[in-house]
Structure formats: C-alpha cells, structure tokens
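Chain residues, written in single-letter form:
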Amino acid sequence: MGSALLPVEISAKVAAVYVEIQDMYDEVSSALDFTCEGCPDNCCDSYFLHHTYTEWAYLWEGLELLGAEKVAEIEARATAYIIAVKKAEAIGERPQAMCPLNEDGLCLPYQHRLLICRLHGVPAAMTRPDGQRMDFPGCFRCQELVGENIEGPRMDRTKIFQKFIAIEMEWLGVKRQVLPKVKKSIAEMILSGPPQFSYCKI
Ligand code: SF4
Ligand code: SF4
C-alpha cells in the first residue's frame, strides 16, 4: 500500500453505506415531514473534524473527478478556510467558515461528500462503545419542528459508524494500529492531498 485512493471493492462498500444512510435519512425526514426547502441557512459553514482515512480517500476520489484546475481553486479556498478557523479559535469562538467545496450553494463533489454532511439535519441517536447513549437533536429548523418530542423518529448512528469502522479496518488492516489517528477539517484533508502510507513500514 503506497498511498492514496481506495481499492475498487472498498470504494464500492463506502458507496453502498452512503446509499443506506440516504435511505435512513429519507425515512426519518419523511416521517417528520422535514425538508431543507426554503431554509435561510446553509449548514455547509458548520465546523466539523473528520476521523477516518476511508472518508478522506473517498473524498479525494471525488476531487480528482473535478480536474486539476477546479482542485487548485478549491485548495485556495481551503487555505482561506484554515486562516478563518485559526482566527476564530484564537478568540475562543467556534469556527464558522463556508466549506471550500461549496460553490454557489452547491457541493462540488456531492456524491463524495463526507459522512457528517449526510447525517446533518434530522435527529439521531448513538450508543457509544462504553454503552452511553448520545442524542443529536438535528439542525435548528428540525428542532423547531420536533419541539420537545425527544422520542420521535431518529437515525441510528451506531450501525453507521460500526460499518464505517469495519470498512476502515478491512482497508488498512494491521496498519490501522500504527497510523496516526485522523482528526482533520475538510480543508486539512484537501490541502494534505490523498492519504499517504509510504512512510509506514507495516
Ligand atoms: S462537503 Fe459538500 S455537503 Fe459537506 S460541507 Fe462541504 S460543500 Fe457542504
Ligand atoms: S439541514 Fe437544516 S439548517 Fe441545514 S439546510 Fe437543511 S434545514 Fe437548513
């Protein structure tokens, strides 16, 4: 394993999990009668860190489809994004900067967007490995719709994350035990290029 993009069979598994996520999202949003239509907000300026080599490499599959010229524009926006994040962090604020992949309100590598982009919006729950349950109330608009009803329809993130970890383990094998943990913003994933493993001797 030298670097970079995912083996075809791993890439296909990622795509299949993303289809499952879309189905789960559609089920919950339709049960709640919730859509993004007419929303005054664009949640692509929400700040998240991402934690798998798989998502990072899959995102790069999408970036490479956009061509070198567009990637250069995206890299320039990613640099500006990182400066904005540092400025916000320096004054103790949560960063809020438009994702460098968003152009005129649209996600450029839409089919390759990240996991959290696909989960954001509707309520969700997750059971952590230590058994503790975590609840996610959904975006502000969904919270207005759901109100106090915390027992209503929600996505189960536990199964999704388990599937992602299984894919990550299948792809990286024993390397996973020695590679540094991923904790990157989307801009950092862009500016780092696809994941490189040539330095890893396992
Ligand atoms: S990857 Fe796409 S969907 Fe996700 S925040 Fe960026 S522009 Fe929005
Ligand atoms: S997920 Fe919520 S905040 Fe984001 S665009 Fe949709 S309705 Fe608006």
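Quick note: structure is the one above.
Residues numbered from 1 in each chain as written. Chains lettered and ligands numbered in written order. Predicted model: local features only at pLDDT ≥ 70, side-chain atom pairs only at ≥ 80, totals over all residues. Heavy atoms only, no water.

Asker: Outline the pattern of salt bridges, listing residues and values.
Answerer: Working definition: two side chains of opposite charge can pair if their charged atoms are close together. Applying the stated criterion to the full structure yields eight salt bridges. We note a salt bridge from E103 to R77, for which the minimum N-O separation is 3.1 Å. With E103 in strand β1 (residues 102-103) and R77 in helix α3 (residues 68-90), this pair connects stretches of sequence that are 26 residues apart. We classify R77 as partly exposed; its relative accessible area is 27%. (Salt bridge = Lys/Arg side-chain N within 4 Å of Asp/Glu carboxyl O. Helix = DSSP H or I, 4+ residues; strand = E, 2+ residues; numbered from the N terminus. Buried < 20%, exposed > 50% of the residue type's maximum accessible area, 1.4 Å probe, protein only.)

Asker: For the site of ligand 2, give the residues involved together with the corresponding values.
Answerer: Around ligand 2 sit F34, C36, C39, C43, G121, C139, F140 and R141, and those are all the residues in its vicinity. By residue class, the composition of the shell around ligand 2 is six nonpolar, one polar and one charged. (Near = heavy atom within 4 Å. Nonpolar A, V, L, I, M, F, W, Y, C, P; charged D, E, K, R; others polar.)

Asker: I'd like a description of the packing of aromatic side chains, backed by residues and values.
Answerer: When we look at a pair of aromatic rings, we describe it by the centre distance and by the angle of the planes. Summed over the entire model, instances satisfying the criterion amount to five aromatic pairs. Summarising the aromatic geometry, the rings of Y53 and W56 are spaced 5.7 Å apart at their centres and angled 20 degrees between planes, so their arrangement reads as stacked. Linking Y53 with W56, this pair stays in helix α2 (residues 53-66), spanning three residues, or about one helical turn. Pair check on accessibility: Y53 and W56 agree, each one buried. (Phe/Tyr/Trp six-rings, centres within 6.5 Å; stacked < 30°, edge-to-face > 60°.)

Asker: Outline the pairing of strand β4 (residues 133-136), listing residues and values.
Answerer: For strand β3 (residues 124-127) and β4, the ladder comprises four bridges, and the chain directions are antiparallel. Among the inter-strand pairings, T127 is bridged to a residue of β4, identified as R133. Taking the residues that link successive antiparallel strands as the turn, the β3-β4 hairpin has five residues, and the phi of G131 there is positive, at about 90 degrees. (Pairing = 2+ DSSP bridges.)

Asker: An account of helix α6 (residues 157-172) is needed here, citing residue identities and associated values.
Answerer: End to end, α6 covers 22 Å across 16 residues, agreeing with the expected 22 Å (1.5 Å per residue, within 8%). Among all positions in α6, only R157, T158, I160, F164, I167, E168, W171 and L172 are buried. Summarising the contacts, the buried residues of α6 are in contact with α1 (8-32), α2, α4 (115-119), β3, β4 and β5 (155-156). Taken from the residues just after α6, G173 is the one with a positive phi, measuring 55 degrees. (Expected span 1.5 Å × (residues − 1). Contact = heavy atoms within 4.5 Å.)

Asker: Requested: an account of the pairing of β3, with residues and values cited.
Answerer: The sheet contact formed by β3 and β5 spans two bridges and is parallel. Across the sheet, A125 pairs through a bridge with D156, a residue of β5.

Asker: Describe the site of ligand 1, naming the residues involved and giving the relevant values.
Answerer: The local shell around ligand 1 consists of C44, C99, L101, N102, C107, R113, C117 and I186. Within the shell around ligand 1, the residues separate by chemical class into six nonpolar, one polar and one charged.

Asker: Could you give an account of α1, naming the residues involved and the relevant values?
Answerer: Between its first and last C-alpha, α1 extends 36 Å over 25 residues, near the 36 Å set by a 1.5 Å rise per residue. Its buried side turned inward, α1 meets α2, α4, α5 (140-146), β5 and α6. At the exit of α1 stands D33, carrying a positive phi of roughly 55 degrees.

Asker: Pulling in residues and values, what's your account of unusual backbone geometry?
Answerer: Of note, D33 is a non-glycine position whose phi angle comes to about 55 degrees, a positive value. Position of D33 relative to the elements: it lies in the loop between α1 and α2. Given a relative accessible area of 66%, D33 falls into the exposed group. Positive phi values are uncommon outside glycine, yet D104 reaches one of about 50 degrees. Within the fold, D104 resides in the loop between β1 and β2 (106-107).

Asker: Please provide a residue-by-residue account of the sheet that holds β3, values included.
Answerer: Pairing is mixed across the open sheet formed by three strands, whose spatial order is β4-β3-β5. The strands lining the two open edges of the sheet, one partner per strand, are β4 and β5. Against the sheet, α6 contacts β3, β4 and β5, and its axis sits at roughly 60 degrees relative to β3. (Axes fitted to C-alpha atoms, helices over the stretch in contact; angles between N-to-C directions.)

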